Amino acid sequence: MIKNYFLRHAQVFFYSLGQLTRTPVATLLTMAVIGITLALPAGLYVAIDNIQRLARGWEDNGQISLFLKQDVSVAAAEKLSNKIRRTPGVAWVDYISREAALAEFKRLSGFGEALKALDSNPLPAVLIVHPSPAYANPDALQTLLKELRHYNEVDIAQLDLEWVRRLHAMLDLAQQSVFILAAGLGLAVLLIIGNTIRLAVLNRRDEIEITKLIGGTNAFIRRPFLYAGTLQGLLGAIFAWLLLALALLLLSTPIQNLASLYGSQFEAESLSFLATLALIGIGGLLGWLGSRLAVGRHLRAIEPR
Amino acid sequence: MTMINFAHVAKRYPGGFDALRNINLNIDAGEMAFITGHSGAGKSTLLKLITAIERPSRGEATVNGKNLLRLPRRRIPYFRRDIGIIFQDHKLLFDRTVYDNVALPLIVTGADQKEIPRRVRAALEMVGLLDKERMYPVTLSGGEQQRVGIARAVVNKPPLLLADEPTGNLDSALSDEILDLFLGFHHHGVTVLIATHDWHLIDRARQRIIELKQGELLRDTGQKK
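Residues numbered from 1 in each chain as written. Chains lettered and ligands numbered in written order. Predicted model: local features only at pLDDT ≥ 70, side-chain atom pairs only at ≥ 80, totals over all residues. Heavy atoms only, no water.

Draft legend 1. Expanded view of the overall build of chain A. Scanning chain A from terminus to terminus reveals 10 helices and four strands. Traced from its N-terminal end to its C-terminal end, chain A shows the element sequence α-α-β-α-β-α-α-β-α-β-α-α-α-α. Rg of the C-alpha trace for chain A: 32 Å, well past the compact-globule value of 19 Å for 305 residues, more than 25% over. Going through the 305 residues of chain A one by one, you find that 39% of them count as buried. For chain A, the proportion of contacts with a sequence separation of at least 24, taken over those separated by at least 6, is 83%. (Helix = DSSP H or I, 4+ residues; strand = E, 2+ residues; numbered from the N terminus. Rg over C-alpha atoms; globule rule 2.2 N^0.38 Å. Buried < 20%, exposed > 50% of the residue type's maximum accessible area, 1.4 Å probe, protein only. Contact = heavy atoms within 4.5 Å.)

Draft legend 2. Structural detail: the layout of surface pockets. Of the pockets and cavities examined, the largest pocket occupies roughly 630 Å³. Together, 24 residues line the largest pocket, and Tyr15(A), Phe220(A), Arg96(B), Leu104(B) and Ile107(B) are the ones closest to its centre. Breaking the lining of the largest pocket down by element, the ones donating at least two residues are α1 (2–22), α8 (205–213) and α9 (218–261) of chain A together with α3 (98–108) of chain B. A total of six residues in the lining of the largest pocket trace back to one element, the largest contributor, which is α1(A). Grouping the amino acids of the lining of the largest pocket by side-chain chemistry returns 12 nonpolar, four polar and eight charged. (1 Å grid on protein atoms, 1.4 Å probe; cavity = no way out; pocket = protein on both sides within 12 Å on 5 of 7 lines; lining within 4 Å. Points joined across faces, edges and corners; volume = space filled by probe spheres on them. Nonpolar A, V, L, I, M, F, W, Y, C, P; charged D, E, K, R; others polar.)

Draft legend 3. Representation of a positive patch on the surface within the structure. Residues and elements named next belong to chain A. Positive charge collects at one region of the surface, where Lys 79, Lys 83, Arg 85 and Arg 86 lie side by side. Residue placement: Arg 86 occurs in the loop between α3 (74–85) and β2 (90–96). Take Arg 86: its relative accessible area is 66%, and that puts it in the exposed class. (Patch = residues over 30% accessible without salt bridge, like charges linked within 9 Å, V, L, I, M, F, W, Y side chains within 5 Å. Areas by Shrake-Rupley, 256 points an atom, 1.4 Å probe, with all protein chains shown as cover. Salt bridge = Lys/Arg side-chain N within 4 Å of Asp/Glu carboxyl O. Lys, Arg positive; Asp, Glu negative; His and termini not counted. Charge placed at Lys NZ, Arg CZ, Asp CG, Glu CD.)

Draft legend 4. Local environment of the sheet that holds strand β1 (residues 2–13) of chain B. All names here are of chain B. Spatial strand order, β2-β1-β4-β5: four strands in an open sheet with antiparallel pairing. Each having just a single partner strand, β2 (17–28) and β5 (66–67) make up the two edges of the open sheet. Where β1 meets β2, eight bridges bridge the pair, whose relative direction is antiparallel. What sits directly across from Thr 2, in β2, is Asp 28. (Pairing = 2+ DSSP bridges.)

Nothing here speaks to function; it is all geometry.
Have a look at this one:
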């Protein structure tokens, strides 16, 4: 009995596959429409995922700059530096004296000659606080920043991470938008498959009517349509994956060029294995659901007369 | 044993048209009967009630031990598997071979895969079309198409066989061949019910006659002894 059951399912599967190959143009068109529809949110997901991966690298470099008051002596500054070094969450502290700051500024700004005209050094001494890896997240850094700001010698305490935080907020927003877009486009896939299955049901109206008359159950009549819908969803998802792979292949060289200009080894990554499985699974699920809804609705309307 | 029992059955369609009024009828298992009458007399409605395509509006109706008023929708497919139906327009699938058309009821009921070829060929042999199993219905004559329809109706060995104007489009020689097939099934113990207004057929068969007129039972020659 069970063997018969699987045998029958296998027969329906190959029958549905055969039906799809019998109309190759229509099948390819449906597959392409579903593929493009699924590739859009999947592509955005990949883009955001890559930017997040990149931003995570920057976040580790989060550091706090403490600009000291002009009247703080070198000895006092070094004493403060030692004190801060022992604060929990701090890995090490770089001390940049006023002279060193001026020298660096002269070197980097290109205003060297102009600065010689100044009779006093306008730059403050700076303590650059590097947090330990455990504190390298926006919230812990914020707490550390508050703590350091309270020292009397500190004029301005600045977290060089504000823009990273803003980027993260933007990425969160983008990610949420992708989910909303994905939900909308998923609905579109549902409707596309529902419509092709609806046409298939109407095309085979006579067959359905005859099958009902000779004692075919609704489950029996539904089965080939469910297989057809699921197959189309799966093929569409595979097509979407291929589109993504192609796009990434075309973009990989420009991305590497850009990254090397920033001295980075960054390489864009495609969908992970699990995400690929999820994409194909979602494609199949949408196909099944779309055909189930369409067949359920139209099967009831086709009764023998 | 009773195969079909109707007691005070009426069918009124939405809009108030009375297709059948107060029909009392009993057909035993193994009987053969003709349902006749002018078009619009209620022949088709009677067949639709027996096959559970329509439900009676009033009365008690039992077919093959099932009460038609209380038969749940989901049980209807299983109920129909015990009835072989033959249509005037054959209702064959034109994108499938003769073999596949006849095999359809076996596939629908989930018959054993190894049994299917043997049973399909037995049914085709019965109607004399064994040599045409690989052909498509369009290439067959009207009489041959009707015989494919008959083979499909009997392949499941149903205890009840219904035919709606089975000889409607056939000349008398072909009609006689079809009638002989039905008589053969009757002799094998199958209950056969044929709706027709072909009096040549009815006269030749010498079986029970149930005549309808404007939805009422006009004449019933009763069970043939």
